[in-house]
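# Per-entry structural report
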Amino acid sequence: MGDSLMPSEVSEFILPQSMILPFETVIPEELMQEAIRLARKAEYQTEPNPIVGALLADPQGNILSSGFHQKPGKAHAEVMALQGFEQVPPEATLYVTLEPCSHFGKTPPCAELLLQKQVKQVVVGCLDPNPLVAGRGVALLREKGVQVKVGLCEQDCIDLNPVFNKHIVTHLPYVTLKAATSLDGKIAMPSGESQWITGAEARAYGHLLRSRHQAIVVGSQTLLKDNPQLTNRIEPGQRQPIRIAFSSLGNIQEETSFLQNQETQRIVVAGCEIKDKQLQFLQSMGVKVLVAPTARPAVRWALEELYTLGICSLLVEGGAELVGSFLQEGLVDQLCLFLSGKLIASPEAPAWCGNLGISHLADVPHFKFKSVKPMGDDLLITGYLQ
Ligand SMILES: NC(=O)c1ccc[n+]([C@@H]2O[C@H](COP(=O)([O-])OP(=O)(O)OC[C@H]3O[C@@H](n4cnc5c(N)ncnc54)[C@H](OP(=O)(O)O)[C@@H]3O)[C@@H](O)[C@H]2O)c1
């Protein structure tokens, strides 16, 4: 693959028609993998939008220009890749990880821009699951005579955007469950002591996970017993997630880090029996309170509300009872389980997922494992709820 060229240099590289290689002869996978690499430059910075990479290549595979979507409201990847061209060279091909959009969002439709710039060949990694697009971008281009291929490195392109793929279809945040457990799946001693079950490397990775989600969620008992800071303390300059606590009556002690540290937004998800005095107290501490229609806030209700506040990704850090509610309502996407070699082996010690109260094996939640990685003295197991 050649070096990137400035658009002004492109005309020198236009080959006579007879020398142009057919569309199929370049190694397109390499070009799409380069577009994927570009997309990843903005990982965790574009929510609610997907990460997208695009590049324009000549028939020999030389990259003429490239771009990626950097953050919401900023240019889409295709716009960046085509900027500077009045009209793209007719033999050039645009590689883009996600189908060009066909609707007006914060920016005009990219499919129209491609037509305006007279792009003749487009290779798309995967279709856009957004119901407003969902094949319309590709259809529009084909209607106007553009040669469009869809599905190159498709799974890699789909895998770029787990959060977007979920929320744009369901209007619910993508949920990751994170727990640090003993070898027998316990998250604390019978006394409640839980610091620390896993070692420094696993805890550092936990902070990285925090920076990769827009918000962290805990139950009221975890706030009470652990007084966690719920901040990302390992990645300077990375984002700090919004901190969220589920607490039916909003009984959160004034001295907790949750109330004392006002640097990032905090939300309490409460029930309808919360006292006015407590509501006012929390609000006076700068906390946004969501009051559910039920005495105990249901997880689905909370997720719908949080989504309307723009939260597309959530890291649930426990404890067991809250995790159990997420699992019971089937509202979990990903699991990140840090497994320590320590064995607690006490029936009174809480397990990471509480009591789901399911009688038949056929009905239990089933995670499909994706990876197992050693992390210091611990293991990180990741999986997806089937
Ligand atoms: N090792 C780890 O990774 C880890 C992580 C976190 C916690 N922990 C440990 O876990 C223990 C706390 O866990 P826990 O199971 O006792 O409590 P928890 O899950 O932290 O909190 C449960 C409480 O949250 C409130 N809540 C509100 N809405 C809820 C809903 N829809 N579903 C469930 N709960 C809801 C309820 O209290 P209200 O009545 O006040 O609403 C409920 O009793 C601590 O010992 C802590 O150290 C370990």
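Residues numbered from 1 in each chain as written. Predicted model: local features only at pLDDT ≥ 70, side-chain atom pairs only at ≥ 80, totals over all residues. Heavy atoms only, no water.

Looking only at helices and strands, one finds 12 helices and 14 strands in the protein chain. With respect to the principal axes defined by its C-alpha atoms, the protein chain has extents near 80 × 45 × 45 Å. Looking at the protein chain as a whole, 51% of its 386 residues qualify as buried. For the protein chain, long-range pairs separated by at least 24 residues make up 69% of all intrachain contacts whose partners lie at least 6 apart in sequence. Counting only carbon and sulfur atoms, one obtains 52% of the accessible surface of the protein chain, whose full area is about 18500 Å². Side-chain charges in the protein chain split into 32 positive and 40 negative, and the spacing between the mean points of these groups amounts to 5 Å. (Helix = DSSP H or I, 4+ residues; strand = E, 2+ residues; numbered from the N terminus. Buried < 20%, exposed > 50% of the residue type's maximum accessible area, 1.4 Å probe, protein only. Contact = heavy atoms within 4.5 Å. Areas by Shrake-Rupley, 256 points an atom, 1.4 Å probe, with all protein chains shown as cover. Lys, Arg positive; Asp, Glu negative; His and termini not counted. Charge placed at Lys NZ, Arg CZ, Asp CG, Glu CD.)

Let's shift gears to the confidence of the model for the protein chain. Considering every residue of the protein chain, the mean pLDDT works out to 91; 93% of them sit at 70 or more. Counting interchain partners and residues more than four positions distant, the pLDDT-below-50 stretch residues 1-22 has 30 contacts. (pLDDT = per-residue confidence, 0-100.)

Along the chain, threonine 198 turns up in the loop between β6 (174-181) and α7 (200-211). Of the residues examined, threonine 198 reaches a relative accessible area of 5% and is grouped as buried. When sequence neighbours within four positions are dropped, the list of residues in contact with threonine 198 reads Ala180, Arg203, Phe338, Ser340 and Asp378.

What follows deals with the sheet that holds strand β1 (residues 53-57). Spatial ordering of the open sheet is given by β2-β1-β3-β4-β5, a layout of 5 strands whose pairing is mixed. Only two strands of the sheet have a single partner each, and these edge strands are β2 (63-68) and β5 (147-150). On average, each strand axis in the sheet is tilted by 15° relative to the strand beside it, whichever way the strands run. Inspection of the sheet shows β1 paired to strand β3 (residues 93-98) by 4 bridges, in the antiparallel sense. The residue bridging leucine 55 from the neighbouring strand is tyrosine 95, located in β3. (Pairing = 2+ DSSP bridges. Axes fitted to C-alpha atoms, helices over the stretch in contact; angles between N-to-C directions.)

The next point concerns the domain arrangement of the protein chain. For the protein chain, the domain assignment lists domain 1 (7-161) and domain 2 (171-385). When each unit is reduced to the centre of its C-alpha atoms, the spacing between domain 1 and domain 2 is 38 Å. (Domains from an automatic or database assignment.)

Time to look at the sheet that holds β6. Within a sheet, each strand pairs with its neighbour through backbone hydrogen bonds, oriented either parallel or antiparallel. The 9 strands are arranged β10-β9-β8-β7-β11-β6-β12-β14-β13 in an open sheet whose pairing can be described as mixed. Across the chains shown, the open sheet's two edge strands, defined by having one partner strand only, are β10 (288-291) and β13 (367-375). Between one strand axis and the next, the sheet turns through 20° on average, direction left out of account. Where β6 and strand β12 (residues 334-339) come together, 6 bridges link them in parallel fashion. Bridge pairing in β12 places threonine 181 opposite leucine 339.

A few words now on the nonpolar core. Grouped together as the largest cluster of nonpolar side chains are 43 residues, with contacts concentrated most on Met32, Leu55, Leu56, Leu82, Leu94, Tyr95 and Val122. At the level of elements, α1 (28-40), β1, β2, α2 (77-82), β3, α3 (110-116), β4 (121-126) and α4 (136-143) are the ones that each hand at least two residues to this core. Broken down by element, the residue count for this core peaks at 6 residues, all from α1. Beyond its immediate sequence surroundings of up to four residues, leucine 82 is in contact with Leu56, Val88, Leu94, Leu113, Leu114, Lys117 and Val119. Within the second largest apolar cluster, 37 residues are counted, among which are Ala302, Ile311, Leu331 and Ile381. (Core = buried A, V, L, I, M, F, W, Y, C linked by side-chain atoms within 4.5 Å.)

Glancing now at the environment of valine 96. Relative to the assigned elements, valine 96 resides in strand β3. Those residues in contact with valine 96 that sit more than four places away from it in its chain are Met32, Val52, Gly53, Ala54, Glu78, Val122, Val123, Val124 and Gly125.

Looking now at the site of the ligand. Around the ligand sit 24 residues, and of these Thr222, Asp226, Ser248, Glu321 and Ser325 come closest. Aspartate 226 is positioned with one of its side-chain polar atoms (N or O) 2.7 Å from an oxygen atom of the ligand. Taken by itself the ligand offers 920 Å² of open surface, and the protein chains cover 86% of this. Secondary-structure elements contributing two or more residues to the shell around the ligand are β6, α8 (220-226) and α12 (320-328). Class assignment for the residues of the shell around the ligand results in 8 nonpolar, 11 polar and 5 charged. (Near = heavy atom within 4 Å. Polar contact = N/O pair within 3.5 Å; in protein donor to acceptor, adjacent residues only side chain to side chain. Nonpolar A, V, L, I, M, F, W, Y, C, P; charged D, E, K, R; others polar.)

Our next topic: unusual backbone geometry. Going from glutamate 47 to proline 48, the amide bond is cis rather than trans, its omega being 10°. Structurally, the position occupied by proline 48 is in the loop between α1 and β1. With an omega dihedral of 5°, the bond running from glutamine 195 to tryptophan 196 counts as a cis peptide bond. Of note, alanine 134 is a non-glycine position whose phi angle comes to about 40°, a positive value. The residue alanine 134 is located in the loop between β4 and α4 in this model. Phi at cysteine 153 is positive, roughly 50°, even though this residue is not glycine. Structurally, the position occupied by cysteine 153 is in the loop between β5 and α5 (154-159). Among the residues examined, cysteine 153 registers a relative accessible area of 16% and is labelled buried.

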